[in-house]
Amino acid sequence: AGDYKTAMREARTVRRMAGDDSWLPMIADCERGLGRPERALDLLNEVDLTALPDPIQAECLMVLSGARRDLGQLPAAVAVLETDLLRSGTKSVWSARLRLAFSDVLAESGRTEEARKWLLLAAASDPEGTSGAGERLAEIDDIQVLDVMADDFSDGSPDASPTVADQSGPEDDRG
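Small disclaimer: the values here were computed from a predicted structure and weren't measured.

Asker: Quick rundown of the nonpolar core? Include the residues and the values.
Answerer: Counting residues in hydrophobic clusters, the biggest one holds 35 residues, and the most contacted among them are Leu61, Leu98 and Phe102. In terms of residue count, helix 4 (residues 54-70) provides more of this core than any other element does, eight residues in total. Residues within four places of Leu61 in sequence aside, it is in contact with Leu49, Val80, Leu81, Thr83, Leu85 and Leu98. Formed by five residues, the second largest nonpolar core is a distinct cluster that contains Leu100, Leu119, Ala122 and Ala133.

Asker: Describe the packing of aromatic side chains, and please don't skip the residues or the numbers.
Answerer: Counted according to the given criterion, the structure contains one aromatic pair. Taking the centre distance of 5.2 Å and the plane angle of 85 degrees together, the rings of Phe102 and Trp118 count as edge-to-face. Of the two residues, Phe102 is situated in helix 6 (residues 93-108) and Trp118 in helix 7 (residues 112-124); the sequence distance between them amounts to 16 residues. This pair shows no difference in class: Phe102 is buried, exactly as Trp118 is.

Asker: I'd love a proper account of the pattern of salt bridges, names of residues and values included.
Answerer: When charged atoms on two side chains of opposite charge get close, those side chains can pair. In the structure shown here, the tally under the stated rule is nine salt bridges. Of the charged contacts, one joins Asp21 and Arg15 as a salt bridge, the two residues approaching to 3.0 Å between their closest N and O atoms. By relative accessible area, Asp21 is classed as partly exposed at 26%. Close ionic contact of Asp70 with Arg32 constitutes a salt bridge, the shortest N to O distance being 2.7 Å. Here Asp70, found in helix 4, pairs with Arg32, found in helix 2 (residues 24-33); they are 38 residues apart in sequence, far enough to count as distant. Residue classification places Asp70 among the partly exposed residues on the basis of a relative accessible area of 40%. Arg32 sits in the partly exposed class, given a relative accessible area of 24%. Salt bridges sharing partners connect three or more residues here, namely Arg12, Glu31 and Arg36.

Asker: Kindly report on the side chain of Glu31, identifying the contributing residues and their values.
Answerer: For Glu31, the location among the structural elements is in helix 2. For Glu31, a relative accessible area of 3% translates into the label buried. Excluding residues that lie within four positions of it along the chain, Glu31 makes contacts with Met8, Arg12, Arg36, Pro37, Arg39 and Ala40.

Asker: Go over the packing of helix 2 against helix 3 (residues 37-45), please, and point to the residues and values.
Answerer: The geometry of helix 2 relative to helix 3 is characterised by a closest axis approach of 7 Å and an angle of 160 degrees between their N-to-C directions. As judged from the angle between their axes, helix 2 and helix 3 are roughly antiparallel. With respect to the hand of their crossing, helix 2 and helix 3 are arranged in right-handed fashion. Residues Leu24, Ile27, Ala28, Glu31 and Arg32 of helix 2 form the contact with helix 3, whose participating residues are Pro37, Arg39, Ala40, Leu43 and Leu44. Grouping the constituent residues of the contact of helix 2 with helix 3 by class yields seven nonpolar, no polar and three charged.

What counts, and at which threshold
- Residues numbered from 1 in each chain as written.
- Predicted model: local features only at pLDDT ≥ 70, side-chain atom pairs only at ≥ 80, totals over all residues.
- Heavy atoms only, no water.
- Core = buried A, V, L, I, M, F, W, Y, C linked by side-chain atoms within 4.5 Å.
- Buried < 20%, exposed > 50% of the residue type's maximum accessible area, 1.4 Å probe, protein only.
- Helix = DSSP H or I, 4+ residues; strand = E, 2+ residues; numbered from the N terminus.
- Contact = heavy atoms within 4.5 Å.
- Phe/Tyr/Trp six-rings, centres within 6.5 Å; stacked < 30°, edge-to-face > 60°.
- Salt bridge = Lys/Arg side-chain N within 4 Å of Asp/Glu carboxyl O.
- Axes fitted to C-alpha atoms, helices over the stretch in contact; angles between N-to-C directions.
- Parallel < 35°, antiparallel > 145°, perpendicular 65-115°, else oblique.
- Left-handed = near helix turned anticlockwise from the far one by under 90°.
- Nonpolar A, V, L, I, M, F, W, Y, C, P; charged D, E, K, R; others polar.

Rendered as structure tokens:
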């Protein structure tokens, strides 16, 4: 809601009480929201990010990259995200968001072909479609996305047309 001071105070309290570093990216992002990207960098540079679980590490990397962008340091913003975590084969919301952030900073740096490649990878690694990568890809490719799960398209009967999510036909035993 834009109340970064309150959010940061609450997140710091929870972090201190629980001893849980999963609140670090939120605290650092609040510093960015308050116009203090240097503090965000300092906070996240105090921690060994590689010791954090992958989803938290990815969030920290996105905040670090964003802080570098805030400071006009685009090459550093790209470099922060170029990690083994970015290139992992993981299919999850956090990996899709990390790839999406990388695509954004590449595009901002004028590296549009690479940005599109990473946008495709982000969309492909988002099993639930919650990162927004698929929508962004459709937007830049000028594709209209239909809600194929709407009642107008399927009545749930076995004779109904397959949805986009089920274009492969009936399952078989090929493994």
